[in-house]
Amino acid sequence: MTDTIKYNNKQYYRIKTGFSGQFHWETYTIFYVDKNNCKNVMVDETISGDIITLEKWRSLNKMTTLNKPADNIEFSDLFNEGTVIKFTPKDLDKKDIEIQNFKQKLELYENENSLIEDFDNKNLSHLINNETFFDVQYYIDSSWLQYFITKYKVDVSKLNDLMNLSIHQEDFSAVKLLADNGYIISKKDLNILIDAENNIKEKVQENKSDGYESYIISNSKINQIAQYLKEKYSLNKIADPDGYTNLRKDKNTSSEVLQKVTSGERIEVLDNTGDWFLVKTKEGKEGYIHKSRIKSK
């Protein structure tokens, strides 16, 4: 796959090499070839994100090959920039060479990371799509996000950064999936939504100024995301088997009780970071309630 790009005031051919098949395109390496001197080749070094010379890349690659065990698989080996995976976890038994190659790498990764504590939640950011970018060559079916959340028993209530990314990249499927798995929408998320909407307005204006669609408006999901987040936010309520829970002054069970809040009562979640959420009751009192006592249904 080839296109052109300007780098350091020079015009380069950008050549994306990889594996292309029925279900996905997986980029292995991106090369930059000087249009005026094809012996001048640069390489996109995926680990550091730097563009380096071909000679340096070969040297680093040789060192990596020598030092890395042959069966060592990182999460980024499964899902990396340029990967397109439209098949789902349910398709892993299909007799397709692409799927079977992926399945083999997945099994190696899971064998090396068999415990819950082995999994880094930051890996999940690789599974968030952005289909509004004009040069998009990356797509992961959202079922894989659910797959890893389930397998590694991820506490979704703590994935604030992932929700932020999902909103900004307009991945509606990811937003819904996180909420379905227990993420509670807060005032902070609605502020992130406002920021994302403002960024989109700037991108649309850039489209008009530049004369080409760098932001694909037809692929935008921001309106659906906005409606969904606001609805979920309005449904936040107390759910305590004792019939009520305590609104506390600070983030601990020994803190002063400001008010008893009845189960089923709607509340505003102002901040959903940590184990104790900052909330506002219908009486206008603000305090902290443990996240386990808050549901959105």
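Look up: the structure comes first, before these words.
Residues numbered from 1 in each chain as written. Predicted model: local features only at pLDDT ≥ 70, side-chain atom pairs only at ≥ 80, totals over all residues. Heavy atoms only, no water.

Q: Even after reading the chapter, I still don't get the pattern of salt bridges, so can you show me in this structure?
A: Proximity of charged atoms lets side chains of opposite charge pair with each other. A full pass over the atoms with the stated rule returns seven salt bridges. Where Asp 34 meets Lys 10, a salt bridge forms, and the shortest distance between an N and an O atom there is 3.9 Å. Here Lys 10 lies in strand β2 (residues 10-20) and Asp 34 lies in strand β3 (residues 25-34), a separation of 24 residues in the sequence. Residue Asp 34 is classed as buried on the basis of its relative accessible area of 5%. Lys 10 gets classed as partly exposed once you look at its relative accessible area, which sits at 38%. Asp 275 is paired through a salt bridge with Lys 158; the nearest N and O atoms lie 4.0 Å apart. Residue Asp 275 is located in the loop between β11 (268-271) and β12 (276-280), and its partner Lys 158 is located in the loop between α4 (143-151) and α5 (160-168); the two are separated by 117 residues in the primary sequence. Judged by relative accessible area, Asp 275 falls into the partly exposed class, the value being 33%. Residues participating in the shared-partner salt-bridge network are Asp 155, Lys 158, Asp 275 and Lys 291. (Salt bridge = Lys/Arg side-chain N within 4 Å of Asp/Glu carboxyl O. Helix = DSSP H or I, 4+ residues; strand = E, 2+ residues; numbered from the N terminus. Buried < 20%, exposed > 50% of the residue type's maximum accessible area, 1.4 Å probe, protein only.)

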